[in-house]
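# Structural characterization, general
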Amino acid sequence: DWIVMRTVRIVGNMVATVTQKPFSHAAIYDAEYDSAIEAVAHGVHRSSLEDLLRKSQRVLVIRPLWANDHNSRIAVERARNLLGKSYDYSGLVGLSARDRYYCTELCMEAYRPFIQEKEPDNPIPRIIQPGHMYFWGTIVYDTGP
């Protein structure tokens, strides 16, 4: 699942203001380690759920359209393989840099093989706004406004 949130940090405020959406960050839940894999200023890394929630004022859990036991296991493995990669600052303005990851770019990249399989004529961009993540999934939990 994806964890989409409204963070209470300066960058989170900036993302929410620029995108005019109530969400500013996204991460991938890794059930095996009960943690999240996220892309932030110091790169792609693993965070405890406690740390992730501590910096958030609203949280959605979204199940990607392509999620099933098999695909999700592979998606988390793909996200794990990106640990240590650099943050994609250009993602803040909707651009993409090769081999660097913005938060939503990481989430979508993990599911990329399955996205292309189901949507060959309607490619989903590498960079999307955190506030648009629900377009490609089902909200299974919402802490509310």
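Everything in this summary refers to the structure shown in the same document. Computed from a predicted model, the values in this text were never measured in an experiment.

## Considering the nonpolar core
- Counting 32 residues, the largest nonpolar core has Trp2, Trp66, Met108 and Met133 as the members making the most contacts within it.
- At the level of elements, strand E1 (2-7), strand E2 (25-30), strand E3 (35-40), strand E5 (56-64), helix H3 (69-81) and helix H4 (103-118) are the ones that each hand at least two residues to this core.
- Not counting residues within four places of it along the chain, the set of residues in contact with Trp2 comprises Ala27, Ile28, Leu60, Val61, Ile62, Pro64, Trp66, Cys107, Met108, Tyr111, Met133 and Trp136.
- Judged by nonpolar contacts, the second largest core, of six residues, contains Ile3, Met5, Ala27 and Val59.

## A short note on a nonpolar patch on the surface
- On the surface, a cluster of nonpolar side chains totalling about 280 Å² of accessible area is made up of Val11, Met14 and Val18.
- Its place among the elements puts Val11 in helix H1 (residues 10-19).
- Overall, Val11 belongs to the partly exposed group, its relative accessible area being 48%.

## Regarding the side chain of Asp30
- With respect to the helices and strands, the residue Asp30 is situated in strand E2.
- Given the relative accessible area of 1%, Asp30 is considered buried.
- For Asp30, the side chain forms a polar contact with the side chain of Arg46, separated by 2.9 Å.
- When neighbours within four sequence positions are excluded, Asp30 is seen to be in contact with Ser35, Ile37, Arg46, Val76 and Arg80.

## Looking at the pairing of E2
- Most of E2 is tucked away: five of the six residues are buried.
- With four bridges connecting them, E1 and E2 associate as antiparallel partners. Its bridge partner lying in E2, Trp2 is registered against Ile28.
- As paired elements, E2 and E3 share four bridges and run antiparallel to each other. Paired with Asp30 across the two strands is Ser35, which belongs to E3.
- The antiparallel hairpin formed by E2 and E3 contains four residues in its connecting segment, where Asp34 sits at a positive phi of about 45°.

How each quantity is defined
- Residues numbered from 1 in each chain as written.
- Predicted model: local features only at pLDDT ≥ 70, side-chain atom pairs only at ≥ 80, totals over all residues.
- Heavy atoms only, no water.
- Core = buried A, V, L, I, M, F, W, Y, C linked by side-chain atoms within 4.5 Å.
- Buried < 20%, exposed > 50% of the residue type's maximum accessible area, 1.4 Å probe, protein only.
- Helix = DSSP H or I, 4+ residues; strand = E, 2+ residues; numbered from the N terminus.
- Contact = heavy atoms within 4.5 Å.
- Patch = residues over 30% accessible without salt bridge, like charges linked within 9 Å, V, L, I, M, F, W, Y side chains within 5 Å.
- Areas by Shrake-Rupley, 256 points an atom, 1.4 Å probe, with all protein chains shown as cover.
- Salt bridge = Lys/Arg side-chain N within 4 Å of Asp/Glu carboxyl O.
- Polar contact = N/O pair within 3.5 Å; in protein donor to acceptor, adjacent residues only side chain to side chain.
- Pairing = 2+ DSSP bridges.

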